[in-house]
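Here is what each chain is made of, one letter per residue.
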Amino acid sequence: HTQTRIRALLRAARHPAVVAWIIGNELNGPWNLFVCDKDLAENFGISGCQFDNSIEKLMKSINLLCDAVKAEGMMCGTALANVNLPVSKQHLVGMQLWGAAAWIKMADRYMTNLDFWGVNLYTRRYFSPMGLFQRFHMVSKKPMIISEYGVDAFSLSPQLEGWNAYDTMGSEDEVSQADWLITMVEDLERHATTCAAGCANRFISGGAIMSWVDEYWKGKSVTPVPTTDERIPTITRVCPSLKEYLHSPCGYASPTQPDLYVSEEWFGIMAVKQRCSINKVDLLRPRAAYFMLKLIWGEGGSCTPFLGQDPAKMPYDPEEHLNCGRAMKSYILRTMETFMRAEAEAFHQIKLEPNKPVPIFAHFENFTAQLNHPRGVISPVSSNLQSTFLTCHAQAQIHKRSPQTCPPAPKVMEDVVGYVLRQSLAFRQPGDTSCPQQEQMDAMKLEVQVLTLVLLACGLYLVVALLIKRKHLSRMARDAMISLVRAGLPGARFIVTAPSPDEAAAKSAAEKLLRSQIHRGSPLAAELYEEPVAGLGGDSVDGDEPRLSRVGPPPTGASEVEKGIDAWRRRIAPIASNLGGMFGFQAAGANAEEVDAPGSTRELAADRLAKNLWNMTQVPDAPAAVQGAACADGPAADSAISKLHDTTFAGYTRWLKHTGFEDISPRGQATTLGFVHGPDAALRQPPGARLLDTRLNQIVLFE
């Protein structure tokens, strides 16, 4: 079914610009509940993930879906989350492979329909030190893209004292976003398969930046991460965000961002300048990252040459400057090492020797230190648009020292801050920018106004209700105060005075009534309470109190009432006996000698039901006035059974109508409790049975 849907989607979305499709997004992430260990599944409130801890089942399912994509003549890949294997499977790849590299190692051999791997990868400024970039050649020969990477544009710095709201949680930080994002882009370019000089391991076929514009709805999904960061308790007072029209900083602690916190709603290289509710076309404001990308991709600001690149746009000719690429690679590695050393010393509180490398425990992928960073240590290395991490900065420095090694860097890179400022002032959003405001109201203001109206309506309702009940409430308040006066509450007698004269008059009237003789009318000269209480054998029974009881004549079976009830009893008794045998209801003779013999038996149920059905044959609206044994059969009996069934199962009938079911029996199987509902109920009875008989059986079982 899924393959059919995929083919339909691919055919509907054919376009020359679309060359490949990705199946799923982070399907290996445990939050998607496909593959995980059982204890992790319990954290999500379920007994287990869909494929338990089977990596093979998930990845073969992806491979099968890729077959449908390939059948439409398109390339197919999948985007993995950079998470570890289930703990129960980690031993299969050893302790040197972690994250997405371990998943690729486990699955690559049977992904026959997969054309390329994709990984959603977030790191601290550089990709190069990560295990995936160091060891990808060991796990797969397929192409790879970074299907998602980016930096948010919010710097978390909450106000720790006083009232808190979104505007006290920090501020927008375009500079850090642009600085870190361009470093990542140029790091990917050095790992690209088309890199011509100054390259690292060349295996990357591209990447997708997260994201085009801020996503306001993401703040409502927040996953707590264990951390000692003192800022987290403060921001949790206002997060998660439940208002999609508010721009919240909500997210979670993470070492992949400059401020060690992921603000989910702030990843856009475009910010929303103004929201337009009429034509739904928001006005956007480019951030510095947008113009930096334009600088390196459109203005020749990248100093990494590519194979097949226009010679006029190359930062230098690798064949003419043979040593420039090696010098650039060496300079960039030293810059990266300096960045790593600064962060390792700050986060781990250690002092590294100048000639010693950064120890393994202090590398980027050891996120524990950043999540439990020392107090006040957030970003040890400052950010700048005119960054020393730019490849063109490296080329400019090498040219200063040795003009023969590298030519000068492109002139446009001499004043990056000025370029971004000029581009920002000159930017005009294309397309419809009218943003009509008629009938538009600020969403937050609208919510406040609606809340105010609701409160006013509730207040008005209470006032009207109190006015209608004012006399009753006044009496209740007066009675309450009188009770307090009588209880001796200090000061209460100054508010209200207890009506002692009325109370004395009431006591006098009560005493007079008690002293008067009881008037006995002539029809009641023989009081029932004066008669002795008769036992079952006709003997008088002594009692502590007079009783209003009189035993009627003994049953003889000759009256029409008794004949009618007995006829119903004879009709019901076989049904009660049959159902009692099926469901374990006891007969009167079972365990009769026991002290705790059952009081509710088949015979008692049949007797009660016989009396009820006889009564219903004698009501004025019965189809016919029938006396004696004849009342247990015929139209009057049918009417009595139908009425009693409708009354008994009225709630069940309403439930069936609400759910749309005709009966609770499984579809396509024999009716287990009797089919009595629906237009064709009479035709769905056992051979030779009537619908009325089924209803009578249900009534007896219920009784």
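Our structure's up above, just so we're on the same page.
Starting from 1, residues in each chain are numbered consecutively following that chain's sequence as written. Two thresholds apply to this predicted model, a pLDDT of at least 70 for residue-level local features and 80 or more for giving and counting side-chain atom pairs, whereas whole-chain, interface and lining totals are computed over all residues. Where side-chain values are given, they derive from all heavy atoms of the structure, hydrogens and water being excluded.

Undergrad: Help me understand the overall build of the chain, please; the structure alone is not making it clear to me.
TA: Counting its regular elements, the chain contains 20 helices and 13 strands. Burial here depends on accessible area, computed with a 1.4 Å probe over protein chains only, as a share of the maximum for the residue type. Under 20% is buried, over 50% is exposed, and the range in between is partly exposed. Buried positions account for 38% of the 703 residues belonging to the chain. Restricting the contact set of the chain to residue pairs at least 6 apart, pairs at least 24 apart contribute 65%. Note on areas: these come from Shrake-Rupley sampling with a 1.4 Å probe, and a residue is covered only by the protein chains present in the view. By element, 58% of the accessible surface of the chain is carried by carbon and sulfur atoms, the whole surface being about 40,700 Å². What counts as a helix is a DSSP run of H or I of at least four residues, what counts as a strand is a run of E of at least two, and both are numbered from the N terminus. The contact rule is simple, with two residues in contact once any of their heavy atoms fall within 4.5 Å.

Undergrad: Help me out: how do you make sense of the packing of aromatic side chains in this one?
TA: Ring pairs (aromatic) are described by centroid distance and by the angle formed between their planes. Under the pairing criterion, centres of Phe, Tyr and Trp rings, with the six-membered ring standing for Trp, must be within 6.5 Å; the plane angle then separates stacked pairs below 30 degrees from edge-to-face pairs above 60, leaving the rest tilted. A full pass over the atoms with the stated rule returns 16 aromatic pairs. A centroid spacing of 6.2 Å and a plane angle of 25° characterise the contact between Phe 34 and Phe 51, whose relative ring orientation is stacked. In this pair, Phe 34 sits in the loop between strand S1 (20–25) and helix H2 (38–43) while Phe 51 sits in the loop between H2 and helix H3 (55–71), placing the two residues 17 residues apart along the sequence. According to the relative accessible area criterion, Phe 34 is partly exposed, its value standing at 23%.

Undergrad: I'm lost on the state of the cysteines in this one. Help?
TA: Any two cysteine sulfur atoms within 2.5 Å of one another count as a disulfide. With the rule as written, the count across this model stands at six disulfides. Covalent S-S linkage joins Cys 303 and Cys 392, the inter-sulfur distance amounting to 2.0 Å. Taking the sign of the torsion about the S-S bond as the criterion, the disulfide between Cys 303 and Cys 392, at about 100°, is right-handed. Linking Cys 303 in the loop between helix H8 (288–298) and helix H9 (324–348) with Cys 392 in helix H11 (residues 391–401), this pair joins segments that are 89 residues apart in sequence. The two residues Cys 303 and Cys 392 agree in class, both being buried.

Undergrad: Explanation requested: the packing of helix H17 (residues 602–617) against helix H18 (residues 635–648) in the structure shown.
TA: Helix packing geometry: the angle between the two helix axes and the distance between the axes. Here, axes are lines fitted to C-alpha atoms. For helices the fit covers the stretch in contact, and angles between N-to-C directions go from 0 to 180 degrees. It is at 9 Å that the axes of H17 and H18 come closest, and there the two elements cross at 115°. By the criterion of interaxial angle, the relationship of H17 to H18 is roughly perpendicular. Handedness of the H17/H18 crossing: right-handed. In this structure, H17 uses Leu 609, Leu 613, Met 616 and Thr 617 to contact H18, whose residues at the interface are Ala 636, Ala 637, Ala 640, Ile 641, Lys 643 and Leu 644. Grouping the amino acids of the contact of H17 with H18 by side-chain chemistry returns eight nonpolar, one polar and one charged. For this classification, under 35 degrees means roughly parallel, over 145 means roughly antiparallel, 65 to 115 means roughly perpendicular, and everything else is oblique. Here a crossing is called left-handed whenever its near helix is offset anticlockwise from the far helix by less than a right angle, and right-handed whenever the offset is clockwise. Gly is put with the polar residues, along with every residue not named as nonpolar or charged; the nonpolar set is Ala, Val, Leu, Ile, Met, Phe, Trp, Tyr, Cys and Pro, and the charged set is Asp, Glu, Lys and Arg.

Undergrad: Looking at this model, I keep getting lost on the nonpolar core. Mind explaining?
TA: What tends to happen in soluble globular proteins is that the nonpolar side chains get buried as a cluster. By size, the foremost hydrophobic cluster in this structure holds 90 residues, and its most contacted members are Met 59, Trp 103, Trp 117, Leu 132, Phe 133, Met 144 and Met 292. In this structure Met 59 touches Leu 80, Trp 103, Ala 107, Tyr 110, Met 111 and Trp 117, once residues within four positions along its chain are discounted. Working definition of a nonpolar core: buried Ala, Val, Leu, Ile, Met, Phe, Trp, Tyr and Cys residues. They are joined through side-chain atoms within 4.5 Å. Grouped together as the second largest cluster of nonpolar side chains are 24 residues, Ala 610, Ala 632, Ile 641 and Ile 699 included.

Undergrad: Just to check I follow, could you spell out helix H14 (residues 470–486) for this structure?
TA: The α-helix winds at 3.6 residues per turn, so residues separated by three or four positions along the chain end up facing the same way. Multiply 1.5 Å by the residue count of a helix minus one, and that product is the helix's expected span. Counted at 1.5 Å a residue, the expected span for H14 with its 17 residues is 24 Å, and the 24 Å between its end C-alpha atoms agrees. With its phi angle positive at about 85°, Gly 488 sits one or two positions after the end of H14.

Undergrad: Help me understand the side chain of Glu 186 in this model?
TA: Among the structural elements, Glu 186 can be located in helix H6 (residues 174–190). Asp and Glu count as negative and Lys and Arg as positive, but His and the ends of the chain are not part of the count. Each reported salt bridge corresponds to a side-chain nitrogen of Lys or Arg within 4 Å of a carboxyl oxygen of Asp or Glu. Of the buried charged residues, Glu 186 lacks a salt bridge, with Arg 190 as the closest side chain of opposite charge at 5.1 Å. A 3.5 Å cut-off defines polar contacts: any pair of N or O atoms within that distance qualifies, except that in protein one atom must be a possible hydrogen donor and the other a possible acceptor, and neighbouring residues in sequence count only when both atoms are side-chain atoms. Within polar-contact distance, the side chain of Glu 186 engages the side chain of Thr 391 at 2.8 Å. With residues near it in sequence (within four places) discarded, Glu 186 still touches Ile 296, Gly 301, Ser 302, Cys 303, Phe 389, Leu 390 and Thr 391.

Undergrad: Explain the sheet that holds strand S7 (residues 204–209) here, please?
TA: Each strand in a sheet pairs with its neighbour through backbone hydrogen bonds, running either in the same direction (parallel) or in the opposite one (antiparallel). Taken in spatial order, the five strands line up as S1-S2-S3-S4-S7 in an open sheet, and their pairing is parallel. Strand pairing shows two members of the sheet lacking a second neighbour, S1 and S7, which therefore form its edges. Between one strand axis and the next, the sheet turns through 25° on average, direction left out of account. In terms of strand pairing, strand S2 (residues 75–81) meets strand S3 (residues 116–120) through five bridges, oriented parallel. Along S3, the bridge assignment pairs Ala 79 with Gly 118. Note on pairing: DSSP must find at least two bridges between two strands before they are called paired.

Undergrad: Sorry, what's going on with the pattern of salt bridges here?
TA: Where side chains of opposite charge bring their charged atoms close, a pairing between them can arise. For the coordinates displayed, the defined rule picks out 24 salt bridges. Ionic pairing is found between Glu 72 and Arg 11, a salt bridge with its closest N-O pair at 2.9 Å. Of this pair, Glu 72 sits in the loop between H3 and S2 while Arg 11 sits in helix H1 (residues 2–12), and the two are 61 residues apart along the sequence. For Glu 72, a relative accessible area of 11% puts it in the buried group.

Undergrad: Help me understand the packing of H3 against helix H4 (residues 100–107), please; the structure alone is not making it clear to me.
TA: Two elements in contact, H3 and H4, have axes separated by 10 Å at closest approach and are oriented at 80°. With respect to H4, the element H3 is oriented roughly perpendicular. Residues Ile 55, Leu 58 and Met 59 of H3 form the contact with H4, whose participating residues are Trp 103, Met 106 and Ala 107. When its residues are assigned to classes, the contact of H3 with H4 shows six nonpolar, no polar and no charged.

Undergrad: What exactly am I supposed to notice about the environment of Gln 618 here?
TA: Turning to its location among the elements, Gln 618 is positioned in the loop between H17 and H18. Residue class for Gln 618 comes out partly exposed when judged on its relative accessible area of 26%. Separated by 13 residues in the primary sequence, Gln 618 and Cys 631 place their C-alpha atoms 8.7 Å from one another. Sequence-distant contacts of Gln 618, defined by excluding residues within four places in its chain, comprise Val 626, Gln 627 and Cys 631.

Undergrad: Can you help me understand unusual backbone geometry in this one?
TA: Most peptide bonds are trans, and most residues other than glycine sit at a negative phi. Between Met 210 and the following residue, Ser 211, the backbone shows a cis peptide bond with an omega angle of 5°. Looking at the secondary structure, you find Ser 211 in the loop between S7 and helix H7 (232–235). Cis geometry marks the peptide bond from Cys 239 to Pro 240, where omega comes out at 5°. Looking at the element boundaries, Pro 240 is found in the loop between H7 and strand S8 (251–253). One non-glycine residue, Asp 52, adopts positive backbone phi at about 55°. Positionally, Asp 52 belongs in the loop between H2 and H3. Look at Asp 52 and you get partly exposed, because its relative accessible area is 46%. Although it is not a glycine, Gln 349 adopts a positive phi angle of roughly 55°. Locating Gln 349 in the fold gives a position in the loop between H9 and helix H10 (368–371).

Undergrad: What's the story with a nonpolar patch on the surface in this structure? I'm lost.
TA: Residues enter a patch when their relative accessible area is above 30% and they make no salt bridge; the linking distance is 9 Å between like charges and 5 Å between nonpolar side chains (Val, Leu, Ile, Met, Phe, Trp, Tyr). A surface patch of nonpolar side chains, about 400 Å² in accessible area, is lined by Met 582, Phe 583, Phe 585 and Leu 701. In this structure, Phe 585 sits in the loop between helix H16 (560–583) and H17. When its relative accessible area of 44% is taken as the criterion, Phe 585 is described as partly exposed.

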